[in-house]
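# Residue-level structure breakdown
Given next are the chains, with one letter for each unit.
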Amino acid sequence: MTGAGLPAVKHGAIDFGAPPSASDRLYRLTNRPPDATVSCMPAAPLIELEGVSKSYPSADGGEAVSILKDASLGVLRGESVAILGPSGSGKSTILNLLGGLDRPDRGVVRFDGRDLGGLPEPELARFRNRSVGFVFQQHHLLPHATVLENVLIPALASGNSVPDEAVARARRLIERVGLQTRMDQLPGRLSGGERQRVALVRALVNQPAVVLADEPTGALDRGNASEVARLLVELNQETGATLVIVTHSIELAGLCRRRLELRDGRLFAAA
Ligand code: ADP
Ligand code: MG
């Protein structure tokens, strides 16, 4: 399975199914085929924050608390980036903005060059469902649905029935994470590490262009955390998905191609 094999799916005015490559976009912009000169240009980011600020109302009703202050970030297609930073520094806020779950006060959030801020809520919901896979610290599996059914929930959200190819893909991914014998079991029968592996597969079943993972190994013991970290990064490489992970795990951050630190509301390159 590769990201390049994604079928193009039209949603109103916007096609989020198979984002064009950088050279396709160059061709559109310049109206001429890419040549040796233009193909040497640096690739445009797939997801991007530009000068983003975000405040929340303070708990005591006083002045709003500024969390992100002119933060910028560009993540290339297929890249894996870890975001580190103290608790409360705004890491989840960044993922929420990148995933279209929240909007910035100022600045721009772009997906494949398109400003998410300009999208009405139904388009944004389709973007979240088709183009983004979310993994959280808690697995959030439905207790009364089997492993396979849980994995298929994002595929159901795009229509009334699940296409056969989505079921086949779900089965392949469940096998890939070593849970082939657990397909028809309820999550309650699984260990914490196994449940998180199901959550990884659920995030990937719609072949998202981007996977956003918020402390995905934070609730696991060391052995399971290592296993889930390895699988997450391997699956990112195998599917071609772009991966942004918020983590406190040095091990998981070390598996990513790039590490950033969120400090005083802005992102900096980390060691
Ligand atoms: P992190 O993920 O780095 O721990 P968050 O992005 O979750 O940080 O939150 C940053 C700060 O913003 C925290 O102080 C948090 O309490 C506050 N915050 C987050 N979301 C909201 C919200 N919806 N309303 C008010 N305050 C919020
Ligand atoms: Mg958080």
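What you see is a predicted model, and the numbers here were worked out from it, not measured in a lab.

## A closer look at the confidence of the model for the protein chain
With 84% of its residues at a pLDDT of at least 70, the protein chain reaches an overall mean of 86. The low-confidence segment residues 1–38, where pLDDT is below 50, has 49 contacts with residues more than four positions distant or belonging to other chains.

## Here's the deal with the site of ligand 1
Neighbouring residues of ligand 1: Tyr56, Ile67, Gly85, Ser87, Gly88, Ser89, Gly90, Lys91, Ser92 and Thr93. Top element by residues in the shell around ligand 1 is helix α3 (residues 91–98). It accounts for three residues. Here the shell around ligand 1 is built from residues that sort into two nonpolar, seven polar and one charged.

## As for α3
Where burial is concerned, most of α3 is hidden: seven out of the eight residues are buried. Restricting attention to buried positions, one finds in α3 the residues Lys91, Ser92, Thr93, Ile94, Leu95, Leu97 and Leu98. Backbone geometry just downstream of α3 places Gly100 in the positive-phi region, at approximately 70°.

## Regarding the sheet that holds strand β6 (residues 106–111)
With antiparallel pairing, four strands are arranged side by side in an open sheet as β4-β3-β6-β7. Each edge of the open sheet is held by one strand with a lone partner, namely β4 (65–75) and β7 (114–115).

What counts and how
- Residues numbered from 1 in each chain as written.
- Chains lettered and ligands numbered in written order.
- Predicted model: local features only at pLDDT ≥ 70, side-chain atom pairs only at ≥ 80, totals over all residues.
- pLDDT = per-residue confidence, 0-100.
- Contact = placed C-beta atoms within 7 Å.
- Near = placed C-beta within 6 Å.
- Helix = DSSP H or I, 4+ residues; strand = E, 2+ residues; numbered from the N terminus.
- Nonpolar A, V, L, I, M, F, W, Y, C, P; charged D, E, K, R; others polar.
- Buried ≥ 20, exposed ≤ 12 C-beta atoms within 10 Å, placed from the backbone.
- Pairing = 2+ DSSP bridges.

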